[in-house]
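# Structural features, examined
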Amino acid sequence: MEPSSMETEILNNDSEVAGPQPIVKFNNAYKRYGRTAVILRGLNMTIPTGTIYGLLGPSGCGKTTLLSCIVGRRKLDSGTLFVDVKSKVDVGYMPQEVSLYEEFQIHEVFRYFGLLTNQTEDYIKHREKELAELLDLPPTNRLVCNLSGGQQRRVSMAVALFHNPKFLILDEPTVGLDPLLCESIWKYFIEITNVDHKTIIITTHYIEEARNAHTIGLMRSGILLAETSPLQLMEMNNCSSLEEAFLTLSQKQEDIPLDDTYPPATKQADIFEPGAKMAWHRFAAQIYKNVSWTRRNIPITAFMILLPFLLFTIFLAMLGKDEMDVTIAAVQDEVTPGSDDCNNSRPIRSIYGCVAQKRLSCEFISYLKEKSYTILMYDSLDAGITAVKRNKAWALLYFHKNYTESLLERIDRGKKASNMSLANSLLEVYPDNSIYYIAQKLRWDLHSGFMSFMENFLRNCEIDDRVVKSPITEGEEIYESIAVRYIGLNGYIIAILYYLAMVYTSSSMVYEKSKGLFERTMVTGLTKFELFAAHCVAQTLMSLCQNGIFMLIFYGYFNLPMKSGIGYLILLVFLVEYFGMMTGFVIVEFISDERMVTYFGISLVIMIFLTIGMLWPVEGMHWSIRPISQMNPMRMAVETYRSITFRGLPFSNSLMYQGYLSISILVLLLLLIYIYKSRND
């Protein structure tokens, strides 16, 4: 597509600049975000080698997008771009944001970027001293977060200059700097272009500052209004200043309607030659970065390591013992109110000679007290019911008048007992069923407790206790019953470890993206594979510490149930955590907003919590939810965890290997998605 008529009229140049071989050349470049936000509109630009090119224009005119295309982070929709630099190491890039690790000291920042660009230790130390003097940097042992905005920008500029590249791209490098320091920096720029034949692109809002550039490009609304030397630009427009010339060209542009046609997208070639997917110096730089961050954030790291242990401890403490601190109200109509009948009552003898040493209601209440229940005595049935209604007790036990005599007659005479005795021998329970588990636990304790109490009583009377037993009997248990405190523990551990790995990965990645750190390191040549490999190392070390602590304490010291080998559990836990890590990587590939990543992660984990069978068994879920739970691969991991700890199944059993298999398949699937997305980035 030919250049627009507007550019022909305003530029008065044919985009073929005589002189040195261009290092960058745009021809009819188009770029937009979405379908309406057009950033570049048929732009033509030529940057000669060994010169300073000042790119001027208001905010939003497309300068930053243009620079991103030059460094290979974005591609044009249409048009051509030529960059006479084959390796990313030859490019020094200073983005508009500071894009520095704020927790690092200045010398750590230099060492990190020095390792990324494969510099020696001697070079790093020499260059650090040289740039500190040139840019008037503060002491290099100071943290970046403690520097002023201007000092941070100077450190950012030093990073771009650090590896002495042949091509410098500086996005507003002199914002907020002292005028004397600006003059010194410009002298340095002019020197390295004249002596070392380096090429520099500088964007700036300070129009008059661009007088020092060999060539300036005036950009507005995605179009290059002019591209020539500062003096020629002023002469061409009969102006005494660059600002006046820019105003004149902008007014001319307003008189010419914009061309709304947008060419079809064309496939764009890569700007730089593809390098090695894995370079050990860049991988070592990432390891150095992770180690330095950990050293600077020891409290946070310690908290992350101890967090699973703390959460699991709270979980166990929250569930507590099998016995609960529950209050029960009781009314004994067979005992005189205010008397000591329970201790001083005479023995009661049945017609067959069985003797109750004291009232059976007193015996049963004593039995409940031994079970850690608190008993509140009331004088009447109405008073006891009122206590339950007012939340003073979880249930009311009502013992009728002549309860003991009636119960003994019922035992002695069976079906021949009188209707009055049958009615008075009943223990009436008025429960508060508002909390299901407490109500069920209380109901179970009352029934099982009463049966145990009666069995002991009948044995003392030399009566076969089977007369009061249920006709249903249990054989030898296949798997041992577990304590209440362990119910849901396996699902809780699986979900928490998955979530921590996911949030650790996604939060660190989205932080680097939001601060511009990811963009800046990728410009130096860092590949996503190297970033991924370094994070795997960090995640493995984190997991070793986390899992080692809670497994050693819970399964070693406190001896929680562990029917199979600990190796099975270690393998399962690591697979779950790598699944969480891969989920974090994939989330950040599709979502860049920090808040949205957090919301999505929380929503995902809540869904897992609800469908893995931890809060309620899968078999008891609604029919519409059950298929979702059965498709949840984490549910199989929970079943495998339960089989390892509570059942001791062999690995050949499907409940064992299905958990490993489902998680492994998902890890590989997410890895393939990540690789595919990375290649298309």
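Everything numeric here is computed off the predicted structure, so don't read it as measured data.

## Structural notes on the sheet that holds strand 13 (residues 374-378)
With mixed pairing, the four strands of this open sheet are ordered in space as 13-10-14-15. Both outer strands of the open sheet, strand 13 and strand 15 (427-431), are each paired with one neighbouring strand and no more. On average, each strand axis in the sheet is tilted by 25° relative to the strand beside it, whichever way the strands run. In the sheet, strand 14 (residues 395-399) pairs with strand 15 via five bridges, with the strands oriented antiparallel. For phenylalanine 399, the partnering residue across the bridge sits in strand 15 and is leucine 427. Against the sheet, helix 13 (residues 381-389) contacts strand 10 (327-332), strand 13, strand 14 and strand 15, and its axis sits at roughly 165° relative to strand 14.

## Some words on the sheet that holds strand 2 (residues 37-48)
Across the sheet, which stays open at both edges, the three strands sit in the order 2-1-4 with antiparallel pairing between neighbours. Every other strand in the sheet has two partners, leaving strand 2 and strand 4 (78-83) as the edge strands with one partner each. Adjacent strand axes in the sheet meet at a mean angle of 15° when their direction is disregarded. Sheet analysis places strand 1 (residues 22-33) next to strand 4, joined by five bridges and oriented antiparallel. Residue pairing for strand 4: phenylalanine 26 is matched across the bridge by leucine 81. In this fold helix 2 (residues 63-70) packs onto strand 1, strand 2 and strand 4, with an angle of close to 120° to the strand it touches most, strand 1.

## A few points about the pairing of strand 14
With respect to burial, strand 14 is a largely interior element, five of its five residues being buried. Going residue by residue along strand 14, you find Ala395, Leu397 and Phe399 tucked away on one face and Leu396 and Tyr398 tucked away on the opposite face as well.

## Let's talk about unusual backbone geometry
What is expected of a backbone is that most residues other than glycine have negative phi and most peptide bonds are trans. Despite not being glycine, glutamate 172 has its phi angle at roughly 55°, a positive value. Here glutamate 172 is to be found in the loop between strand 6 (167-171) and helix 6 (179-195). Taking the relative accessible area as the measure of exposure, glutamate 172 reaches 7% and is therefore buried. The backbone phi angle of asparagine 238 is positive, close to 50°, even though this residue is not glycine. Assignment of secondary structure puts asparagine 238 in the loop between helix 7 (230-236) and helix 8 (242-254).

## Comments concerning helix 3 (residues 106-116)
Along helix 3, nine of the eleven residues are buried, which leaves the element largely enclosed by surrounding structure. Looking at the buried side of helix 3, the elements it contacts are helix 4 (121-134), helix 5 (149-162), helix 9 (280-296) and helix 18 (517-523). Trailing helix 3 by a residue or two, asparagine 118 shows a phi angle of about 65°, which is positive.

## A few points about the side chain of glutamine 151
On the secondary structure map, glutamine 151 appears in helix 5. Of the polar contacts made by the side chain of glutamine 151, one reaches the backbone nitrogen of serine 148; its length is 3.0 Å. Those residues within four positions of glutamine 151 in sequence are excluded, and the remaining contacts are Pro138 and Arg142.

## Re the packing of aromatic side chains
Aromatic ring pairs are described here by two measures, namely the spacing of the ring centres and the angle between the planes. Within this structure, the stated rule accounts for 24 aromatic pairs. Ring pairs connect the aromatic residues Phe309, Phe312, Phe315, Tyr492, Phe550, Phe554 and Phe609, which therefore count as one cluster. Seen from the ring of phenylalanine 518, lysine 513 lies directly overhead, with NZ or CZ sitting 5.2 Å from the centre. Sitting over the ring of phenylalanine 113, arginine 520 keeps its end group 5.7 Å from the ring centre.

## Comments concerning the environment of leucine 161
Structurally, leucine 161 is set in helix 5. Sequence separation of leucine 161 and valine 91 is 70 residues, and the distance between their C-alpha atoms is 9.3 Å. Beyond its immediate stretch of four places on either side in the chain, leucine 161 contacts Arg127, Leu131, Leu168, Tyr188 and Phe189.

## Focus on helix 21 (residues 594-611)
Between its first and last C-alpha atoms helix 21 spans 26 Å; for 18 residues at 1.5 Å apiece the expected length is 26 Å, and the two agree. Buried-residue contacts for helix 21 involve helix 17 (489-514), helix 20 (566-590), helix 22 (626-631) and helix 23 (633-647). The N-cap of helix 21, judged by a side-chain oxygen 3.1 Å from the amide nitrogen of arginine 595 a few residues on, is aspartate 593. After helix 21 finishes, the residue glycine 613 shows a positive phi value of roughly 85°.

## Remarks on a nonpolar patch on the surface
On the surface, Tyr436, Ile602, Ile606, Leu610, Leu615 and Trp616 cluster together into a nonpolar patch covering about 630 Å² of accessible area. Secondary-structure assignment places tryptophan 616 in the loop between helix 21 and helix 22. The exposure class of tryptophan 616 is partly exposed, given its relative accessible area of 45%.

## What to know about the nonpolar core
If you look at the biggest cluster of nonpolar residues, it comprises 117 residues, and the most contacted ones within it are Phe189, Leu218, Tyr498, Phe550, Tyr555, Met634 and Tyr641. Discounting chain neighbours no more than four positions away, the residues touching tyrosine 555 are Ile493, Phe550, Leu560, Pro561, Met562, Ile566, Leu569, Tyr641 and Thr645. Residues Ile23, Leu43, Tyr53 and Leu55 belong to the second largest nonpolar core, which totals 31 residues.

Cut-offs and rules
- Residues numbered from 1 in each chain as written.
- Predicted model: local features only at pLDDT ≥ 70, side-chain atom pairs only at ≥ 80, totals over all residues.
- Heavy atoms only, no water.
- Pairing = 2+ DSSP bridges.
- Helix = DSSP H or I, 4+ residues; strand = E, 2+ residues; numbered from the N terminus.
- Axes fitted to C-alpha atoms, helices over the stretch in contact; angles between N-to-C directions.
- Contact = heavy atoms within 4.5 Å.
- Buried < 20%, exposed > 50% of the residue type's maximum accessible area, 1.4 Å probe, protein only.
- Polar contact = N/O pair within 3.5 Å; in protein donor to acceptor, adjacent residues only side chain to side chain.
- Phe/Tyr/Trp six-rings, centres within 6.5 Å; stacked < 30°, edge-to-face > 60°.
- Lys NZ or Arg CZ within 6 Å of the ring centre and 35° of its normal.
- Expected span 1.5 Å × (residues − 1).
- Patch = residues over 30% accessible without salt bridge, like charges linked within 9 Å, V, L, I, M, F, W, Y side chains within 5 Å.
- Areas by Shrake-Rupley, 256 points an atom, 1.4 Å probe, with all protein chains shown as cover.
- Salt bridge = Lys/Arg side-chain N within 4 Å of Asp/Glu carboxyl O.
- Core = buried A, V, L, I, M, F, W, Y, C linked by side-chain atoms within 4.5 Å.

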